[in-house]
Amino acid sequence: FGLVILFTLIAFIYTNVIINESKKKTDEVVKIVTPSVTSLESFHSILQRSQILITKWYHVQSPNDDPFKKELRELIKYEYPGLKKGIDSLSVNWTPDEKEQIKNIFSFTDNLFEKYQKDIMSQINSFSAYDDASITFPVQLSLEEADEELKVIYNGLTSLINSEKNNADIVTHQMFTSFNFLMQFVKYLGICLVIGGVLIAFFTIRTIVKPVQKLKNVLQDMSFGVLPKTRIKYKNPECKKAVFHRT
């Protein structure tokens, strides 16, 4: 019975440990890894939109208050800084390498958006500017340079997104592995407890219940004057106690 209690206690402690570890991993996935992947993918989307809008700015002759130009200004002034702030808060829990990666990506992006504003948006600021080759030609060169810079940013960002997705897969795999092991552990421990319980019951019946029952029958016969024909041998203290109590 002591072993049964010990195994039950071990099962309880181990189950509690696994559940707490799984809870931590779940919190890590829900609060850190998944939001990180989502934010980085949103960052990738912002870069794509900015590339489309700045290209349109160069090729489509339009007034400064055109909706797509307003969209690009708001993207650079509001959307990007807000997303950058959110990613900075999430990156606190990243590895040092990942922190360095996102730091470099932000640096490249800051320079890119500064190029957009200084070399393209501020230069093509009127209808007459679209017709001035002395303006459009340098702007075209700046746009090509910006595209090359974007390729570098895309590569770094894609690598970081894949890294975060891989982290999510690893944590999720660890969590499911822990649960599967716990299920196997509880199943086999339950089988052992059942077998142990049966063996304990069998041992109890064999060493205590049967001898005591036999002594009881003999004592009942003696009360009617029937003496046992053979000497009863017993080794169990419980049997001795039963005889002593009866006599």
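As shown above, the structure is provided for reference.
Position numbers for residues start from 1 in each chain and track the written sequence from start to end. Owing to the predicted nature of the model, reporting of local features is limited to residues with pLDDT of at least 70; listing and counting of side-chain atom pairs is limited to 80 or more, with chain, interface and lining totals taken over all residues. As a convention, hydrogens and water are excluded, and side-chain values are obtained from all of the structure's heavy atoms.

K.L.:
Could you give an account of the pattern of salt bridges, naming the residues involved and the relevant values?
P.N.:
For this analysis, a salt bridge means a side-chain nitrogen from Lys or Arg found within 4 Å of a carboxyl oxygen belonging to Asp or Glu. A complete count under the given rule lists seven salt bridges for this structure. Linking E79 and R49 is a salt bridge whose minimum nitrogen-to-oxygen distance equals 2.9 Å. Pair noted here: E79 is in helix α2 (residues 67-90) and R49 is in helix α1 (residues 2-59), with a separation of 30 residues, a long-range link. Among the salt bridges present, the one from K151 reaches E148, with a minimum N-O distance of 3.5 Å. Of this pair, K151 and E148 both sit in helix α5 (residues 133-223), three residues apart, which is roughly one turn of the helix. Exposure categories follow from relative accessible area, calculated using a 1.4 Å probe and restricted to protein chains: below 20% of the type maximum is buried, above 50% is exposed, and the middle band is partly exposed. Its relative accessible area of 49% is what places K151 among the partly exposed residues. Take E148: its relative accessible area is 47%, and that puts it in the partly exposed class. Each of R49, E71 and E79 takes part in a single network of salt bridges with overlapping partners. Comment: elements are numbered from the N terminus, with helices defined as DSSP H or I runs of at least four residues and strands as E runs of at least two.

K.L.:
So, the side chain of S91: which residues are in play, and what are the values?
P.N.:
Here S91 lies in the loop between α2 and α3 (96-121). Any N or O atom pair separated by 3.5 Å or less is treated as a polar contact, with the protein-specific requirement of one donor-capable and one acceptor-capable atom, and with residues adjacent in sequence counted only for side-chain atom pairs. At 2.8 Å, the side chain of S91 forms a polar contact with the backbone oxygen of D88. In this analysis, two residues are considered to be in contact whenever any of their non-hydrogen atoms come within 4.5 Å of each other. Contact partners of S91, with chain neighbours within four places excluded, come to K99 and I102.

K.L.:
Mind laying out a nonpolar patch on the surface, listing which residues take part and the relevant values?
P.N.:
Each patch is assembled from residues with relative accessible area greater than 30% and no salt bridge, linking like charges that lie within 9 Å and nonpolar side chains (Val, Leu, Ile, Met, Phe, Trp, Tyr) that lie within 5 Å. Accessible areas in this description were obtained via Shrake-Rupley with a 1.4 Å probe; residue shielding takes into account the shown protein chains only. Taken together, the side chains of L3, L6, F7 and I10 make up a nonpolar region of the molecular surface, amounting to roughly 360 Å² of accessible area. Looking at the secondary structure, you find I10 in helix α1.

K.L.:
Before we move on, could you go through the nonpolar core and cite the residues and values that matter?
P.N.:
One finds F43, L47, I102 and Y116 to be the most contacted residues of the largest nonpolar core, which totals 35 residues. For this core, the elements supplying multiple residues, two or more each, are α1, α2, α3 and α5. Discounting residues that sit within four places of it in the chain, L47 has contacts with T109, L112, F113, L150, I153, Y154 and L157. Take the buried residues of types Ala, Val, Leu, Ile, Met, Phe, Trp, Tyr and Cys, join any two whose side-chain atoms come within 4.5 Å, and each joined set is a nonpolar core.

K.L.:
How would you summarise the packing of aromatic side chains if you had to cite specific residues and measurements?
P.N.:
We call Phe, Tyr and Trp rings a pair once their centres come within 6.5 Å, taking the six-membered ring for Trp, and we label the pair stacked below 30 degrees between planes, edge-to-face above 60, and tilted otherwise. Taken as a whole and assessed by the stated rule, the structure comprises five aromatic pairs. Ring centres 6.4 Å apart and planes at 65° place the aromatic pair Y80 and F106 in the edge-to-face group. Of this pair, Y80 sits in helix α2 while F106 sits in helix α3; the two residues are 26 residues apart in sequence, bridging distant segments of the chain. Overall, F106 belongs to the buried group, its relative accessible area being 5%. Taken together, the aromatic side chains of F43, Y80, F106, F113 and Y116 make up a single cluster linked through ring pairs. To sit over a ring, a charge needs its Lys NZ or Arg CZ within 6 Å of the ring centre and within 35 degrees of the ring normal. We note K69 situated over the ring of W57; from NZ or CZ to the ring centre the distance is 4.8 Å.

K.L.:
Explain the side chain of E164 residue by residue, including any values.
P.N.:
When you line up the elements, E164 lands in helix α5. Excluding its chain neighbours within four sequence positions, the residues that come into contact with E164 are V33, S36, V37, L40, W94 and E98.

K.L.:
Tell me about α3, and please be specific about residues and values.
P.N.:
Side chains that are three or four residues apart share a direction in an α-helix, a result of its 3.6 residues per turn. Here the expected length of a helix is defined as 1.5 Å per residue gap, with one fewer gap than residues. For α3, spanning 26 residues, the distance from its first C-alpha to its last is 36 Å, which sits close to the expected 38 Å at 1.5 Å a residue. Looking at α3, one finds that the buried residues are E98, I102, I105, F106, T109, L112, F113, K115, Y116, I120 and M121.

K.L.:
Provide a residue-level description of the packing of α2 against α3, including the pertinent values.
P.N.:
Each axis is a line fitted through C-alpha atoms, and for a helix only the stretch in contact is used; angles between axes span 0 to 180 degrees, taken between their N-to-C directions. Running from amino to carboxyl end, α2 crosses α3 at an angle of 170°, the nearest separation of the two axes being 12 Å. In terms of axis orientation, α2 runs roughly antiparallel to α3. Of the residues in α3, those in contact with L72, R73, L75, I76, Y80, K84, I87 and D88 of α2 are I102, F106, T109, D110, F113, Y116, Q117 and M121. For the contact of α2 with α3, the per-class residue count stands at 10 nonpolar, two polar and four charged. Orientation is classified from the angle alone, with under 35 degrees giving roughly parallel, over 145 giving roughly antiparallel, 65 to 115 giving roughly perpendicular, and any other angle giving oblique. The nonpolar class holds Ala, Val, Leu, Ile, Met, Phe, Trp, Tyr, Cys and Pro. Asp, Glu, Lys and Arg form the charged class, and all remaining residues, Gly among them, are polar.

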